[in-house]
Amino acid sequence: MSGLVPETVQKVAHAAGLGPRESDKLKQLAHDTKDMTPQDRVTTDYGVKQPTQDDWLKIVSEDHTGPLLLEDPFGREKIMRFDHERIPERVVHARGSAAFGRFRVFESASDLTFAPVLTDTSRETPVAVRFSTVLGSRGSADTVRDVRGFAVKFYTAEGNWDIVGNNIPVFFIQDAIKFPDVIHAGKPEPHNEVPQAQSAHNNFWDFQFNHTEATHMFMWTMSDRAIPRSYRMMQGFGVNTFTLVNSKGERHFVKFTWTPELGVHSLVWDEALKLAGQDPDFHRKDLWEAIANGVFPKWKFGIQAIPEADEHKFDFDILDATKIWPEDLVPTRYIGEMILDRNPDEFFTQVEQLAFCTSHVVPGIGFSDDPLLQGRNFSYFDTQISRIGINFQELPINRPVCPVMNFNRDGALRHAITRGTVNYWPNRYGVCPAASTEEGAYLEYAQKLAGVKARARSAKFKDHFSQAQLFYNSLSPIERRHVLNAFAFELDHCEDPEVYTKMVIRLADIDPQLAQSVAEMVGGDPPTTEVKHKNHGKRAKAISQDEFPGAAPTIASRRVAILVVDGYDAVAYKTAYAALTTALAVPLVIGPNRRKVTASDGSTVQPHHHFEGFRSTMVDAIFIPGGAKSAQALAGNGRALHWIREAFGHLKTIGATGEAVDLVHKTIGLPSVTVSASGEAQESYGVVTIKELRPESLSEAVTIAKEATGFMEKFFYGIATHRCWERELAGLNTLVAY
Ligand code: HDE
């Protein structure tokens, strides 16, 4: 069991009445190649030991190797088993990775629900979480501009509960029947399968123009939210409207939110583009590395709740998934925390076969009439039975930790061996009667319904622009500029003038200035008439990423490159390395090649990577220790200079000491970026310098605060704030060729 479910699951399994025999059986399912010894022998799948793994059975003579014998069962099994290794990839969200951990509520939500997972503060619920992109296929790059999936499976003692969410709180469509259209429009075009994992193409934008309810969502996907720095630094949203019922039988409409402890941070676009080629697994590795290093990602779990009686009190329909519930109207109440502390042991069985269904809820949690959610509830189960098979819920990663007992039988790859003579109800033994409410049965909420059958939606669903404006108005000036740049990029990839000229017209419905600027970049004429759907410049809280800086400034898990060549200043190097490690950052030593590099004092270091093999895009900051000889050598190495310029262009903090200070100053070459000429640390546009770094001035644990004065303190503060936005505001990044 250790490879499949954490110890906590075992505890829950016992609490839920899973006896030792069942637990033992699960244990046997996990093989661990790490536990194998050279004495262990390879067997066929049916358990027979094999004489070799290397040769197919054939007729051989001394001078001739004859044909393969098809009678070889070992060879046949090995190859044919391999031929069938793939299952169909997910029709959307195919590219992703997962981790495991636990969920706990620190404040009971008993006023809203009787579900113990949300009320019992002493309970720890095991979770599996899968993050993904939407459009790309399984082997596509992590850093593309796209929505990110954020799907959580809670293995509760009352059954599995899945919140299958995204990192953006709204969706492109209001009614499930449009899902195939929005996905077909976004996926590679049908005639040539181009482009992969991109929304930058004619069909996507053609659909966005013609399907006005997508307007709010595409504003989010053109923002920095769609290029996260890390899965660990993005919010998660249930998007749809769910319901909670409390023990008094009262019902609330609710939305669920995850907010990361590390803050909400993004890549910059040029970096995202480059990473897609330089390190397509950037997000997957980042999650894995953080967990392996013990820097476990954490999210706060929040609920927005609206009493049933207030359903119609808003100027939007609260069942419309293209709308947020603005925080100003319905504040989020944070009641729980999720921590991910375990990487998968095997990708296929634990990530590829991990199967979510929005229809999986536990007593106390229910659905609403959100027309998107209702369709999803049908779709996910359907997709799992075609992707994995009808018995997908028996697989170790999907199996509930509580007992499962029903009369479902048979089907491909049924695992459970069920004893007894009856598989129907009612039966002569009275086996398996229904549970009562006291025993935890799931009871449908007795909702009263009236209306006529119609293919329609209520009137409030028709407003498609107010919240798109609200979103744009709520962004910071830098974020707005990024939205403009994103449109300029995306529409430049649309060759059909019909598409980009119409999109310019659509943008005028949101912001005339935005439409004008995009038109200047890509062509087209924005209409000169007044914007139709004015929301009078209203703004909302909790939309700009700037409002989620993180729980506390930290550099834990941030990657920092230290550039070294022969002659580097050993004191500065060792000091920085030690300070970074103490702060749980990940220092990466980068040299001209992977041979040992010798410091000024004769000590040596073995670089982790070299300038050409690794790139500045893969780190959060760079540090260059002084040393006359090394500064001179770096100045003559074009790739090293590119490291400095590129990190500057991508708004990253750059630290330099001693002779490296002048090197950095000259390489950036901008008079407004000043450097220190003394033993006093100086910070200028995120470039932190000191002429003489005295080791005795450095404490073991560096304080990370705005008012910090020491070199390491300033350097760490820069990294903790993620990017130096002042550099972009002053337009300095674009003055440096990178
Ligand atoms: Fe999904 N979606 N979706 N979706 N979705 C799938 O299920 C679907 C929607 C989301 O990591 C599929 O197992 C319909 C909204 C995530 O395994 C499929 C509709 C949101 C994942 C499916 C939606 C999502 C999926 C494909 C509109 C955000 C990945 C493979 C009615 C709240 C889960 C699979 C994972 C996956 C259908 C809309 C999020 C086909 C029909 C809205 C995170 O069943």
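Here is a short report on the structure shown in this document. (Residues numbered from 1 in each chain as written. Predicted model: local features only at pLDDT ≥ 70, side-chain atom pairs only at ≥ 80, totals over all residues. Heavy atoms only, no water.)

## Describing the overall build of the protein chain
Part 1: From N to C terminus, the protein chain includes 21 helices and 21 strands.
Part 2: Here the C-alpha radius of gyration of the protein chain, 29 Å, is about what a compact globule of 738 residues would show, namely 27 Å.
Part 3: Its C-alpha atoms give the protein chain principal-axis dimensions of about 90 × 90 × 55 Å.
Part 4: Relative to all contacts within the protein chain whose residues are 6 or more apart in sequence, the contacts with residues 24 or more apart total 73%.
Part 5: Looking at charge distribution, the protein chain has the averaged site of its 79 positive side-chain charges lying 2 Å from that of its 92 negative ones. (Helix = DSSP H or I, 4+ residues; strand = E, 2+ residues; numbered from the N terminus. Rg over C-alpha atoms; globule rule 2.2 N^0.38 Å. Contact = heavy atoms within 4.5 Å. Lys, Arg positive; Asp, Glu negative; His and termini not counted. Charge placed at Lys NZ, Arg CZ, Asp CG, Glu CD.)

## Remarks on the environment of Gln447
Part 1: Considering the arrangement of structural elements, one finds Gln447 in the loop between helix H11 (371-387) and helix H12 (466-474).
Part 2: Residue Gln447 is classed as partly exposed on the basis of its relative accessible area of 31%.
Part 3: Taking the C-alpha atoms as reference points, Gln447 and Pro592, separated by 145 residues in sequence, lie 69 Å from one another.
Part 4: With sequence-adjacent residues up to four places away left out, Gln447 is seen in contact with Arg251 and Asp369.
Part 5: At a separation of 2.8 Å, a polar atom in the side chain of Gln447 contacts the side chain of Asp369. (Buried < 20%, exposed > 50% of the residue type's maximum accessible area, 1.4 Å probe, protein only. Polar contact = N/O pair within 3.5 Å; in protein donor to acceptor, adjacent residues only side chain to side chain.)

## Observations regarding the pattern of salt bridges
Part 1: Summed over the entire model, instances satisfying the criterion amount to 36 salt bridges.
Part 2: When the shortest N-O distance is used, the salt bridge between Asp120 and Arg123 registers 4.0 Å.
Part 3: Judged by relative accessible area, which is 18%, Arg123 ranks as buried.
Part 4: Among the ionic pairs, Glu394 bridges to Arg414, the shortest N-O distance being 3.0 Å. (Salt bridge = Lys/Arg side-chain N within 4 Å of Asp/Glu carboxyl O.)

## Here's the deal with the coordination of the iron atom of the ligand
Part 1: Protein coordination of the iron atom of the ligand rests on one atom only, Tyr380 (OH), at 1.8 Å.
Part 2: Its location among the elements puts Tyr380 in helix H11. (Donors = N, O, S within 2.8 Å, 3.2 Å for Na, K, Ca; no water.)

## Brief notes about the side chain of Gln353
Part 1: Secondary-structure assignment places Gln353 in the loop between helix H10 (347-352) and strand S12 (365-367).
Part 2: Beyond its immediate chain neighbours, meaning those up to four positions away, Gln353 contacts Ile87, Phe348, Arg387, Ile388, Leu395, Ile397 and Asn398.

## Structural notes on the nonpolar core
Part 1: In this structure, Phe172, Trp205, Phe218, Met219, Phe487 and Leu491 are the most contacted members of the largest nonpolar core, which totals 51 residues.
Part 2: Within the residue set of this core, elements represented by two or more residues are helix H5 (179-186), helix H6 (202-210), helix H7 (215-221), H12, helix H13 (477-492), helix H14 (497-507) and helix H15 (512-522).
Part 3: Every residue in contact with Trp205, bar those within four places of it in the chain, is listed here: Ser199, Ala200, Phe218, Met222, Phe487, Glu490, Leu491, Cys494, Val499 and Met503.
Part 4: Listed in part, the 40 residues of the second largest apolar core include Leu267, Ala272, Ile590 and Ala647. (Core = buried A, V, L, I, M, F, W, Y, C linked by side-chain atoms within 4.5 Å.)

## Details of the packing of H13 against H15
When two helices pack together, their arrangement is given by the angle between their axes and by how far apart the axes lie.
Part 1: The interhelical angle for the contact between H13 and H15, taken along N-to-C directions, is 40°, at an axis separation of 9 Å. One element, H13, and the other, H15, form an angle in the oblique class. Note on packing geometry: the crossing formed by H13 with H15 is right-handed. For the pair formed by H13 and H15, the contact residues are Leu484, Phe487, Ala488, Leu491 and Asp492 on the first element and Leu514, Ser517, Val518, Met521 and Val522 on the second.
Part 2: For the contact of H13 with H15, the per-class residue count stands at 8 nonpolar, 1 polar and 1 charged. (Axes fitted to C-alpha atoms, helices over the stretch in contact; angles between N-to-C directions. Parallel < 35°, antiparallel > 145°, perpendicular 65-115°, else oblique. Left-handed = near helix turned anticlockwise from the far one by under 90°. Nonpolar A, V, L, I, M, F, W, Y, C, P; charged D, E, K, R; others polar.)

## Let's talk about the side chain of Arg376
Part 1: As for its placement among the helices and strands, Arg376 is situated in helix H11.
Part 2: Despite its burial, Arg376 remains without a salt bridge, the nearest opposite charge being carried by Asp370 at 7.3 Å.
Part 3: A distance of 2.8 Å separates a polar side-chain atom of Arg376 from the backbone oxygen of Val164.
Part 4: At 2.6 Å, the side chain of Arg376 forms a polar contact with the side chain of Asn240.

## Quick word on the site of the ligand
Part 1: Residues in close proximity to the ligand total 23 residues, the closest being Arg90, Arg130, Arg376, Tyr380 and Gln384.
Part 2: In the model, an oxygen atom of the ligand is placed 2.7 Å from a nitrogen or oxygen of the Arg130 side chain.
Part 3: For the ligand, a nitrogen atom lies 3.3 Å from a polar atom in the side chain of Arg376.
Part 4: Mapped by element, the contributors of at least two residues to the shell around the ligand are strand S5 (148-156), strand S6 (159-166) and H11.
Part 5: At 6 residues, H11 tops the list of elements feeding residues into the shell around the ligand.
Part 6: Split into classes, the residues belonging to the shell around the ligand amount to 12 nonpolar, 8 polar and 3 charged. (Near = heavy atom within 4 Å.)

## Considering the sheet that holds strand S19 (residues 653-657)
The strands that make up a sheet pair up through hydrogen bonds in the backbone, lying either parallel or antiparallel.
Part 1: The mixed open sheet is built from 7 strands, whose spatial order is S17-S14-S13-S18-S19-S21-S20. Edge strands, defined here as strands with exactly one partner in the open sheet, are strand S17 (609-610) and strand S20 (682-684).
Part 2: As paired strands, S20 and strand S21 (residues 687-690) are joined by 3 bridges and run antiparallel to one another. Bridging across to S21, Glu683 finds its partner in Val688.
Part 3: In the packing of helix H18 (residues 638-649) onto the sheet, the strands contacted are strand S13 (559-563), strand S14 (586-591), strand S18 (621-624), S19 and S21, and the crossing angle to S18 comes to about 135°. (Pairing = 2+ DSSP bridges.)

## Considerations on a nonpolar patch on the surface
Part 1: Where nonpolar side chains cluster on the molecular surface, the patch consists of Met405, Tyr429 and Val431 and spans about 300 Å² of accessible area.
Part 2: If you trace the backbone, Val431 turns up in the loop between H11 and H12. (Patch = residues over 30% accessible without salt bridge, like charges linked within 9 Å, V, L, I, M, F, W, Y side chains within 5 Å. Areas by Shrake-Rupley, 256 points an atom, 1.4 Å probe, with all protein chains shown as cover.)

## Some points on the packing of aromatic side chains
Part 1: On inspection of all chains with the given rule, the structure shows 31 aromatic pairs.
Part 2: Aromatic pair Phe204 and Trp205: ring centres 5.0 Å apart, planes at 85°, arrangement edge-to-face.
Part 3: You can call Phe204 buried: its relative accessible area is 4%.
Part 4: Under the relative-accessibility criterion, Trp205 is labelled buried at 0%.
Part 5: A centroid spacing of 4.9 Å and a plane angle of 80° characterise the contact between Trp269 and Phe489, whose relative ring orientation is edge-to-face. One end of the pair, Trp269, is in helix H8 (residues 269-278); the other, Phe489, is in helix H13, with 220 residues separating them in the sequence.
Part 6: The cationic tip of Arg145 hangs over the ring face of Trp269; the distance from NZ or CZ to the ring centre is 4.8 Å.
Part 7: Seen from the ring of Tyr334, Lys300 lies directly overhead, with NZ or CZ sitting 4.2 Å from the centre. (Phe/Tyr/Trp six-rings, centres within 6.5 Å; stacked < 30°, edge-to-face > 60°. Lys NZ or Arg CZ within 6 Å of the ring centre and 35° of its normal.)

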